[in-house]
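Structural characterization, general
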Amino acid sequence: ADREPRSLCSSLLLAVERGPEPKARQRSRCVTVPSSPTVHSMGTGTSRLYSALAKTLNSSAASQHPEYLVSPDPEHLEPIDPKELLEECRAVLHTRPPRFQRDFVDLRADRPSSHPSIRVMQWNILAQALGEGKDNFVQCPIEALKWEERKCLILEEILAYQPDILCLQEVDHYFDTFQPLLSRLGYQGTFFPKPWSPCLDVEHNNGPDGCALFFLQNRFKLVNSANIRLTAMTLKTNQVAIAQTLECKESGRQFCIAVTHLKARTGWEQFRSAQGCDLLQNLQNITQGAKIPLIVCGDFNAEPTEEVYKHFASSSLNLNSAYKLLSADGQSEPPYTTWKIRTSGECRHTLDYIWYSQHALSVRSALDLLTEEQIGPNRLPSFNYPSDHLSLVCDFGFNEEPDELL
Ligand SMILES: NC(=O)C1=CN([C@@H]2O[C@H](COP(=O)(O)OP(=O)(O)OC[C@H]3O[C@@H](n4cnc5c(N)ncnc54)[C@H](OP(=O)(O)O)[C@@H]3O)[C@@H](O)[C@H]2O)C=CC1
Ligand SMILES: [Mg+2]
């Protein structure tokens, strides 16, 4: 970083070092984005990285082929410094309005914690093809959705919080963007596309959307991995999940992480409920009946009043929903995790969750959501937020002495 211009260097370092320390709840504030850095002022290392990012930005060849058909280019395997990639993203985004900084809220409640935290990010990033071709976000200018820039807003959010584990939905740029870049940042990735992705109906689509799961290879070892096509009352459905058992390299402790995206829209509540039951059954088997601690991230497309939510909340897996802990009584979900305006009107819903085994894990902190004022009158997505869903980020710790299963 010492070869970077000073103004760039200081503000980026602040943002990159795993975001701000957890602190008591406070009003989120606006972060000033460095003013118009030019690529050629960034020195040789950054130019090399810029060209890597630019290749990804412009590549159409890679996007048309699964990764095994694209010959591995040694330059593409070189590690990237997250700080430098963040600078590149911010250079691309220099005409965008400032993004809002969100703060981590400390939730430790004096639990002892000798192991390092596991930071998990849950995010429906909005499939590019759906955003441009299907979603009808009538208050969002089409220029705000340009992939070359929206991609950098997504990467900026990931780089700002630097999760150890990243659970994504609506990924339709896995092979050409997220897999190559995130692997160079040290992540191991898995992608499971939807069997009949609605993206394929959109002209100039980039392939099917699906769920993706990334974990940092220096922190975890993959023990096993399952791609699950969800069923509803024994029928195969168009929705999927990925479940992986990971072992912490430092502590040797194992846990299971799962990501899913359930069927959308009203009228499909029973279908979602059945998909949730199937996922819970799969997770029962994978965790050997809750012996292995579990974290489940997803866009459940269901409000907390729905049956599928109740199945998760009352399952014998003893799961709690992490974002409830941000509420005053610890019992209420946030008022929204997605907020958009379609031709049919305004949609503000709580649909995204991070469930965790409450006997084995504790939430040490959680990233606050954006306020209504920050989201703005045109709602999401926007020039300063890339998806119609907010990211959820939590720091987990293993309980020193696991509470008895209730
Ligand atoms: N290409 C092909 O050959 C085939 C394509 N299809 C397509 O797949 C679709 C069904 O797939 P399925 O997985 O069940 O879809 P879902 O109903 O689960 O929705 C798919 C996506 O649409 C988004 N969405 C939700 N509500 C709306 C809305 N009101 N307007 C626009 N988009 C919305 C969802 O986003 P979020 O989760 O963020 O709400 C979700 O990502 C069909 O509509 C059809 O277009 C189906 C069969 C074959
Ligand atoms: Mg969507």
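Overview of the structure. (Residues numbered from 1 in each chain as written. Chains lettered and ligands numbered in written order. Predicted model: local features only at pLDDT ≥ 70, side-chain atom pairs only at ≥ 80, totals over all residues. Heavy atoms only, no water.)

1. Digging into the packing of helix H6 (residues 147–161) against helix H7 (residues 174–184)
At a minimum axis separation of 12 Å, H6 and H7 run at an interaxial angle of 40 degrees. Seen along the crossing, H6 lies across H7 with a hand that is right-handed. Every residue of H7 that contacts H6 at Trp147, Lys151, Ile154, Leu155 and Ile158 is listed here: Thr177, Phe178, Leu181 and Leu182. Along the lines of polarity and charge, the residues of the contact of H6 with H7 split into 7 nonpolar, 1 polar and 1 charged. (Axes fitted to C-alpha atoms, helices over the stretch in contact; angles between N-to-C directions. Helix = DSSP H or I, 4+ residues; strand = E, 2+ residues; numbered from the N terminus. Left-handed = near helix turned anticlockwise from the far one by under 90°. Contact = heavy atoms within 4.5 Å. Nonpolar A, V, L, I, M, F, W, Y, C, P; charged D, E, K, R; others polar.)

2. Some words on the packing of helix H4 (residues 82–92) against H6
Following both chains from N to C, one finds H4 and H6 inclined at 145 degrees, their axes separated by 9 Å at the closest point. Where H4 crosses over H6, the two elements pack in a sense that is left-handed. Where H4 approaches H6, its residues Pro82, Leu85, Leu86, Cys89, Arg90 and Val92 are matched on the opposing element by Glu148, Glu149, Cys152, Leu155, Glu156 and Leu159. Here the residues of the contact of H4 with H6 sort into 8 nonpolar, no polar and 4 charged.

3. Things to note about the nonpolar core
Counting residues in each nonpolar core, the largest one holds 75 residues, and the members touching the most others are Ile165, Phe178, Phe214, Phe255, Ile257, Ile295 and Phe396. The leading source of residues in this core is H6, at 9 residues. When residues no more than four places from it in sequence are discounted, the contact partners of phenylalanine 396 are Ser117, Ile118, Val120, Ile295, Ala322, Ile354, Tyr356, Leu361, Ser362, Val363 and Arg364. (Core = buried A, V, L, I, M, F, W, Y, C linked by side-chain atoms within 4.5 Å. Buried < 20%, exposed > 50% of the residue type's maximum accessible area, 1.4 Å probe, protein only.)

4. Overview of unusual backbone geometry
A cis geometry characterises the amide bond from leucine 380 onward to proline 381, with omega recorded as -10 degrees. Here proline 381 is to be found in the loop between helix H10 (372–375) and strand S17 (392–398). Phi at glutamine 288 is positive, roughly 55 degrees, even though this residue is not glycine. Locating glutamine 288 in the fold gives a position in the loop between helix H8 (269–286) and strand S11 (294–299). By relative accessible area, which is 48% here, glutamine 288 ends up partly exposed. The phi angle at alanine 290 is positive, at roughly 75 degrees, despite the residue not being glycine. With respect to the helices, strands and loops of the structure, alanine 290 is situated in the loop between H8 and S11.

5. Describing the site of ligand 1
Around ligand 1, the surrounding shell holds 20 residues, and the nearest of these are Glu170, Lys194, Asp201, His261 and Lys263. Histidine 261 places a polar side-chain atom, nitrogen or oxygen, 2.7 Å from an oxygen atom of ligand 1. Here an oxygen atom of ligand 1 sits 2.8 Å away from a polar atom, N or O, in the side chain of histidine 389. Taken by itself ligand 1 offers 930 Å² of open surface, and the protein chains cover 75% of this. For the shell around ligand 1, the class distribution of residues is 5 nonpolar, 6 polar and 9 charged. (Near = heavy atom within 4 Å. Polar contact = N/O pair within 3.5 Å; in protein donor to acceptor, adjacent residues only side chain to side chain. Areas by Shrake-Rupley, 256 points an atom, 1.4 Å probe, with all protein chains shown as cover.)

6. Thoughts on the pairing of strand S13 (residues 338–342)
Within S13, 4 of the 5 residues are buried, leaving the element largely enclosed by the surrounding structure. Bridging between S13 and strand S14 (residues 345–349) involves 5 bridges; their strand directions are antiparallel. Looking at S14, one finds that isoleucine 341 is bridged to glutamate 346. Here S13 hands over to S14 after 2 residues, the two strands then running antiparallel side by side. (Pairing = 2+ DSSP bridges.)

7. Some words on the pattern of salt bridges
Under the definition given, this model contains 15 salt bridges. Residue arginine 379 is joined to glutamate 346 by a salt bridge in which the shortest nitrogen-to-oxygen separation is 2.7 Å. Placement of the pair is arginine 379 in the loop between H10 and S17 and glutamate 346 in strand S14, with a sequence separation of 33 residues. Bridged by salt links that share partners, the residues Arg90, Arg99 and Glu156 form one connected network. (Salt bridge = Lys/Arg side-chain N within 4 Å of Asp/Glu carboxyl O.)

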